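Take a look at the letters that make up each chain.
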Amino acid sequence: MSDASDAHGSPYDRATEKLKATGVTLALRSRGEFARFFDGLDLLEPGVEIVHKWHPELGEPVPGQGDGVIPGYGAVARKR
């Protein structure tokens, strides 16, 4: 699962306001708010992490994409 986060400040605040102005609902969540989706589950490593840091060794660079911060958290979990 991945979700937009509120962790990165003003450029994303402006983007959120623009989306809201067009009628798009976007709920930015903190790490703790996102982690609650995994209550009662076993999180796999590395747990709740900023998306671009979640297993970076697994991906190949994609042409046209920079190394900027992706404003969101990601995680994978198993049912107990």
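Criteria and thresholds
- Residues numbered from 1 in each chain as written.
- Predicted model: local features only at pLDDT ≥ 70, side-chain atom pairs only at ≥ 80, totals over all residues.
- Heavy atoms only, no water.
- Phe/Tyr/Trp six-rings, centres within 6.5 Å; stacked < 30°, edge-to-face > 60°.
- Buried < 20%, exposed > 50% of the residue type's maximum accessible area, 1.4 Å probe, protein only.
- Salt bridge = Lys/Arg side-chain N within 4 Å of Asp/Glu carboxyl O.
- Helix = DSSP H or I, 4+ residues; strand = E, 2+ residues; numbered from the N terminus.
- Contact = heavy atoms within 4.5 Å.

S.K.: Explain the packing of aromatic side chains residue by residue, including any values.
M.R.: Under the counting rule described, the total for this entry stands at 3 aromatic pairs. Note on Phe34 and Phe37: the rings are 6.3 Å apart at their centroids and 70° apart in plane angle, and the pair reads as edge-to-face. With centroids separated by 5.4 Å and ring planes inclined at 65°, the aromatic side chains of Phe34 and Phe38 adopt a geometry described as edge-to-face. Looking at Phe34, the relative accessible area reads 0%, which means it is buried. Members of the aromatic cluster, each reached through a chain of ring pairs, are Phe34, Phe37, Phe38 and Tyr73.

S.K.: Summarise the pattern of salt bridges; cite the residues concerned and give the values.
M.R.: Counting across every chain of the model gives 1 salt bridge. The residue Asp42 makes a salt bridge to Arg80 at a minimum N-O spacing of 2.8 Å. Pair noted here: Asp42 is in strand S2 (residues 41-43) and Arg80 is in the segment after strand S5 (77-79), with a separation of 38 residues, a long-range link. Classification of Arg80 by relative accessible area gives exposed; the value is 67%.

S.K.: So, the environment of Pro71: which residues are in play, and what are the values?
M.R.: Structurally, the position occupied by Pro71 is in the loop between strand S3 (49-50) and strand S4 (72-74). Taking the C-alpha atoms as reference, Pro71 lies 5.5 Å from Ser5; in sequence the two are 66 residues apart.

S.K.: An account of the environment of Asp39 is needed here, citing residue identities and associated values.
M.R.: With respect to the element layout, Asp39 can be found in the loop between helix H2 (31-35) and S2. Owing to a relative accessible area of 59%, Asp39 belongs among the exposed residues under this scheme. When the C-alpha positions of Asp39 and Ala77 are compared, they lie 9.7 Å apart, and in sequence the two are 38 residues distant.

S.K.: Summarise the side chain of Glu49; cite the residues concerned and give the values.
M.R.: Along the chain, Glu49 turns up in strand S3. Here Glu49 is in contact with Arg31, Trp54, Gly72, Tyr73 and Gly74, once residues within four sequence places are set aside.

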